[in-house]
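# Working through the structure, step by step
Listed below, chain by chain, are the residues.
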Amino acid sequence: MTGRGTGRRTGRGTGGGTGGGGLRQFRWEIGVWLALILLMGATLGLAYLPMGAGNPAAALALALAKLLLVAVFYMHLRSSRPVVRLAAATGLVFLVALFALTLADVLFRLPAAWQ
């Protein structure tokens, strides 16, 4: 039987039957949201710091931290099935490949004076 009334619990939702699981989940989401707000503020502050060549590296580190928070907590990759994790990892691999190809193209087209 599928559908309603199967008695199967998925562990998601409002935390029904777990004795306060919904409140715990709410606190986690508020904590992650606050972390994302702080990281956004750090990204904004970083835009005004004259760090030279270190700015892009720091901005990418902050972006990676935000990506991990969103993927693990809001996309529920932490508790999802392996096939969902594989799909997310595949998308990330293709994104990295596209960035690498774009970087290679940009570096190849640099004027001779810049090399």
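Let me sum up the structure you'll find in this document.

What counts, and where the lines are drawn
- Per chain, the residues get numbers from 1 upward, laid out in the order the sequence is written.
- Per-residue local features of the predicted model are confined to residues with pLDDT of at least 70, and side-chain atom pairs are confined, for both listing and counting, to 80 or more; whole-chain, interface and lining totals are unaffected and use all residues.
- The side-chain numbers reported here are obtained from all heavy atoms of the structure, hydrogens and water having been left aside.
- To pair, rings of Phe, Tyr and Trp, with the six-membered ring standing in for Trp, must have centres within 6.5 Å; the planes then decide the type, stacked if under 30 degrees apart, edge-to-face if over 60, and tilted in the middle.
- Put simply, DSSP H or I for four residues or longer makes a helix, DSSP E for two residues or longer makes a strand, and each gets a number counted from the N terminus.
- Partly exposed residues are those whose accessible area sits between 20% and 50% of the maximum for their type, while under 20% is buried and over 50% is exposed, using a 1.4 Å probe and protein chains only.
- Placement of a charge over a ring requires the Lys NZ or Arg CZ to be within 6 Å of the ring centre, with the centre-to-atom vector within 35 degrees of the ring normal.
- We call two residues in contact when some of their heavy atoms are within 4.5 Å.
- Pairs of N or O atoms are called polar contacts if they sit within 3.5 Å, as long as, within protein, a hydrogen donor faces a hydrogen acceptor (for residues adjacent in sequence, only side-chain-to-side-chain pairs).

Let's shift gears to the packing of aromatic side chains. By convention here, two paired aromatic rings are described through the distance between centres and the angle between planes. Counting across every chain of the model gives one aromatic pair. Ring geometry for Trp-28 versus Phe-73: centroids 5.5 Å apart, planes at 20°, classification stacked. Here Trp-28, found in helix 1 (residues 21–47), pairs with Phe-73, found in helix 2 (residues 54–74); they are 45 residues apart in sequence, far enough to count as distant. Since its relative accessible area comes to 45%, Trp-28 is described here as partly exposed. Taking the relative accessible area as the measure of exposure, Phe-73 reaches 18% and is therefore buried. Above the ring of Trp-28, the side-chain terminus of Arg-78 is found at 5.9 Å from the ring centroid.

The topology assignment puts Asn-55 in helix 2. Along the primary structure Asn-55 and Thr-43 are separated by 12 residues, whereas in three dimensions their C-alpha atoms are 9.9 Å apart. Discounting residues that sit within four places of it in the chain, Asn-55 has contacts with Leu-46 and Leu-49. Separated by 3.1 Å, the side chain of Asn-55 and the backbone oxygen of Leu-49 make a polar contact.

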